[in-house]
Amino acid sequence: MRPRNATGDSFFAWDGEVLVVNILGKPSASRDAIGKPKGTQLKVSVTAAPQAGKATDHMLRFLAPLFGVAVSDIEVVFGRENVNKQLRIHAPKKLPAVFAQPGLPTDPAGRQ
């Protein structure tokens with residue numbers, strides 16, 4: 001089992017070519033959107049209602065093209081039916097702008 005604090009003081013970390021992201025989900029939002037980091041979590045809003053993991057499934061479909069991956073390349077480590085979740089995104093081909101903040105490593109080699 002992977003530790004829940006795999007990202008340390010950030011909302012994301014690299015595990016080889018896998019991007020580990022802590023999410024604070026907001027279901028039933030007015031639109032799908034990636035928000036700002038809140039502590040060690042990234043706020044992600046989705047329009048889907050929180051029913052039996054449907055909001056998480058919707059979130060994965062929303063996030064996959066933003067990272068240039070297939071939905072099957074995103075693993076929910078924990079939090080499938082909770083607002084607090086951790087995702088492992090296998091070999092993302094691109095990163096949303098929030099990951100390009102100064103001082104944060106944006107690829108597995110630590111380059112910016």
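Scroll up to find the structure.
Residues numbered from 1 in each chain as written. Predicted model: local features only at pLDDT ≥ 70, side-chain atom pairs only at ≥ 80, totals over all residues. Heavy atoms only, no water.

Draft legend 1. Spotlight on empty space enclosed by the protein. Counting across every chain of the model gives one cavity of 30 Å³ or more. Of the pockets and cavities examined, the largest cavity occupies roughly 30 Å³. Along its surface, the largest cavity is lined by Val 21, Ile 23, Ile 34, Leu 42, Val 44, Leu 63, Phe 67, Leu 87, Ile 89 and Phe 99. Split by residue class, the lining of the largest cavity holds 10 nonpolar, no polar and no charged. (1 Å grid on protein atoms, 1.4 Å probe; cavity = no way out; pocket = protein on both sides within 12 Å on 5 of 7 lines; lining within 4 Å. Points joined across faces, edges and corners; volume = space filled by probe spheres on them. Nonpolar A, V, L, I, M, F, W, Y, C, P; charged D, E, K, R; others polar.)

Draft legend 2. Focus on the layout of surface pockets. Considering only enclosed or pocket space, the largest pocket measures out at about 160 Å³ in volume. Lining the largest pocket are 16 residues, and of these Pro 50, Ala 55, Thr 56, Asn 82 and Lys 85 sit closest to its centre. Sort the elements by how many residues they give to the lining of the largest pocket and helix α1 (residues 54-67) lands first, with three residues. The residue inventory of the lining of the largest pocket, partitioned by class, reads seven nonpolar, five polar and four charged. (Helix = DSSP H or I, 4+ residues; strand = E, 2+ residues; numbered from the N terminus.)

Draft legend 3. How the structure looks around the environment of Lys 36. Note that Lys 36 resides in strand β3 (residues 33-38). Lys 36 gets classed as exposed once you look at its relative accessible area, which sits at 69%. Through-space distance from the C-alpha of Lys 36 to that of Val 98 is 7.0 Å; in sequence the pair is 62 residues apart. The residues contacting Lys 36, other than those within four sequence positions of it, are Gln 41, Leu 42 and Lys 43. (Buried < 20%, exposed > 50% of the residue type's maximum accessible area, 1.4 Å probe, protein only. Contact = heavy atoms within 4.5 Å.)

Draft legend 4. Highlighting the nonpolar core. Counting residues in each nonpolar core, the largest one holds 23 residues, and the members touching the most others are Val 21, Leu 42, Val 44, Leu 63, Ile 74 and Phe 99. Sorting the residues of this core by element identifies β2 (18-26), β4 (41-45), α1, β5 (74-78) and β6 (84-90) as the ones contributing at least two each. In terms of residue count, the dominant contributor to this core is α1 (seven residues). (Core = buried A, V, L, I, M, F, W, Y, C linked by side-chain atoms within 4.5 Å.)

Purely geometric stuff here, so don't read any function into it on its own.
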